[in-house]
Amino acid sequence: QPIPEPTLGLSFPTGFVWGAATSAYQIEGAAAEDGRTPSVWDTFSHTPGKVRNGDTGDVAADHYHRFAADLDLMKSIGLSSYRFSISWPRVIRDGKGPINQQGLDFYKRLVDGLHERGITPMATLYHWDTPQALQDAGGWENRDTAYRFAEYAAAVTEALGESVPTWLTLNEPKTVVQNGYLNGGHAPGFRDPSKAYVVAHHLMLAHGLAVEAARPHIGGGRIGPALNLHPCYPADESPEAAEQTHLMDGYENRLYLDPVFRGEYPRDTLESIAEFSPMAKYIKDGDLKIISAPIDVLAVQYYTPIYVTATGGTVQKHPLTEAFWQQIYPRGLTDILVRVKKDYGDVPLTITENGLPTPDQLGEDGKVDDAGRIAFLRDHFAAAHAAIAQGVRLESYHVWSFMDNFEWQEGYEQRWGLIYVDYPTQRRIPKRSALWYSDVIHANKV
Ligand code: PNW
């Protein structure tokens, strides 16, 4: 039994949906099974020096083989929604051409298994695993990749469109731009601003084309992008800090929100990008019309605020988690949700990721005591509650992550899960936070 936590007494609206999230490369393993071809993350993780301790996703949490037991665990916690991602190179070998039926069948089993247990599936089409063969042809720098993505979106939704009520196109295009192409910490590992914003445009184009391609197949289902939004605050009272904060907001948020909701890129951001990137030349007539195709839901991922100085630098104002980039500031979640409603209208919102890494250890009593995760989630749930009280149409909340997994360049060292994974044995142990979350779900109250 979990140790009871002080409850805040905040009830959520009836029907509020509680869930958890994962992504394919981070949990599945089975990297070379049933016809899966490599993605940029296989290449990257197998390149010495790129990932902490040389970890790779070859085996990960072996979810590909253990998914049924994992779904049982989800049910035992009481999750009503599970957000997973579909691996592009598993479903379409090398990202181009016919469906790989064996690969697709895994997701059919997964979706059926969720329905059997009364859990609603939410599927992300792209969580960073670009087929390596497409990367060899230029990846997201090549406009053609956006069209290949639309074909893949059509094929997957043709097969599963009716059984998955919510589809997400891209996971965090910004992280691909910033980590994949600016700081090089993620695959494909470039540090090249002249490429980065061309990639940003092609990603947004891919989103729009995928919405169009999936639409006929999803019936009454819904589709939208998953964006990680960072509320930006000035670090001091100076007018310069206010101005730099606005610019930062362009790079962090408006560059991805404006094209979707307003059919235009933010002018200040475009101007500043023009100094070092040919991006504007890659925007063709009609692209913004495609990118602004109506969406049904906006998936918001919140991890950290950003504080901007008068010279455009950033500073830390709150305690950090085990992730060097993550400051704990629950109020930022309320702010960003309220801001989306104010600036972009009343689109239904779902939180598809929020969480933190904690230094979890399996205790001698066989338990994992992650008190820090409980405090963090409690305060962020309260922040979501505050946004709902201000009229935000927030429908659901997915904790990142359902279970410990391959945390990209941090490998397996950072543990983000509600469920502890003992990798040598692949044993799953619900952390104290999972038991606490189960209580929250059953009471619909934090
Ligand atoms: C997200 N940042 O990535 C991803 O969608 C997940 O796959 C990942 O495991 C999780 O968050 C935890 O990192 C992010 O620098 C990467 O602000 C970087 C940032 C935010 C989110």
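Residues numbered from 1 in each chain as written. Predicted model: local features only at pLDDT ≥ 70, side-chain atom pairs only at ≥ 80, totals over all residues. Heavy atoms only, no water.

The protein chain has the name Beta-glucosidase in an unreviewed UniProt entry, where Hamadaea flava is given as its organism. According to its UniProt record, the protein chain has this under Sequence similarities (unreviewed entry): "Belongs to the glycosyl hydrolase 1 family." Recorded under Catalytic activity (unreviewed entry), the UniProt text for the protein chain is reproduced unchanged: "Hydrolysis of terminal, non-reducing beta-D-glucosyl residues with release of beta-D-glucose." (UniProt positions renumbered as here; feature names shortened; annotations may be inferred.)

Asks: Residues and numbers for the site of the ligand, please.
Replies: Around the ligand, 16 residues are found, and the nearest of them are Gln-26, His-127, Glu-353, Glu-407 and Trp-408. At a separation of 2.8 Å, an oxygen atom of the ligand approaches a polar side-chain atom of His-127. In the environment of the ligand, an oxygen atom lies 2.9 Å from a nitrogen or oxygen atom belonging to the side chain of His-230. Compared with its free state, where it exposes 450 Å², the ligand has 92% of that area covered by protein. Its atoms largely coinciding with the cavity grid, the ligand occupies the largest pocket. Of the residues assigned to the shell around the ligand, the class counts are six nonpolar, seven polar and three charged. (Near = heavy atom within 4 Å. Polar contact = N/O pair within 3.5 Å; in protein donor to acceptor, adjacent residues only side chain to side chain. Areas by Shrake-Rupley, 256 points an atom, 1.4 Å probe, with all protein chains shown as cover. 1 Å grid on protein atoms, 1.4 Å probe; cavity = no way out; pocket = protein on both sides within 12 Å on 5 of 7 lines; lining within 4 Å. Sits in = over half its atoms within 2 Å of the grid points. Nonpolar A, V, L, I, M, F, W, Y, C, P; charged D, E, K, R; others polar.)

Asks: Lay out the pairing of strand S10 (residues 349-353) in plain terms, naming residues and giving numbers.
Replies: With five of its five residues buried, S10 lies for the most part within the structure. Taken together, the four bridges between strand S7 (residues 298-301) and S10 define a ladder with parallel strand orientation. For Ala-299, the partnering residue across the bridge sits in S10 and is Thr-350. Once the chain exits S10 it traverses helix H14 (residues 371-389) before rejoining the sheet at strand S11 (residues 394-400), and the crossover so formed is right-handed. (Buried < 20%, exposed > 50% of the residue type's maximum accessible area, 1.4 Å probe, protein only. Helix = DSSP H or I, 4+ residues; strand = E, 2+ residues; numbered from the N terminus. Pairing = 2+ DSSP bridges. Right-handed = clockwise from strand over helix to strand, strands pointing away.)

Asks: Break down the confidence of the model for the protein chain for me, with residues and values.
Replies: Per-residue confidence for the protein chain gives a mean pLDDT of 97, with 99% of residues at or over 70. Two numbers describe this predicted complex: its pTM, 0.97, and its ipTM, 0.91. (pLDDT = per-residue confidence, 0-100.)

Asks: Residue-level account of the side chain of Ser-238, with values.
Replies: Checked against the element boundaries, Ser-238 lands in the loop between strand S6 (232-234) and helix H10 (239-262). In terms of polar contacts, Ser-238 uses its side chain to reach the side chain of Asp-236, at 2.6 Å. For Ser-238, the side chain forms a polar contact with the main-chain nitrogen of Ala-241, separated by 3.1 Å.

Asks: If you had to explain unusual backbone geometry to someone new, which residues and values would you point to?
Replies: Cis geometry marks the peptide bond from Ala-187 to Pro-188; its omega dihedral reads 0 degrees. Looking at the secondary structure, you find Pro-188 in the loop between helix H8 (173-182) and helix H9 (193-214). In the Ramachandran plot, Gln-426 falls in the positive-phi region, its phi being about 60 degrees despite a non-glycine side chain. Tracing the chain through its elements places Gln-426 in the loop between strand S12 (419-422) and strand S13 (427-430).

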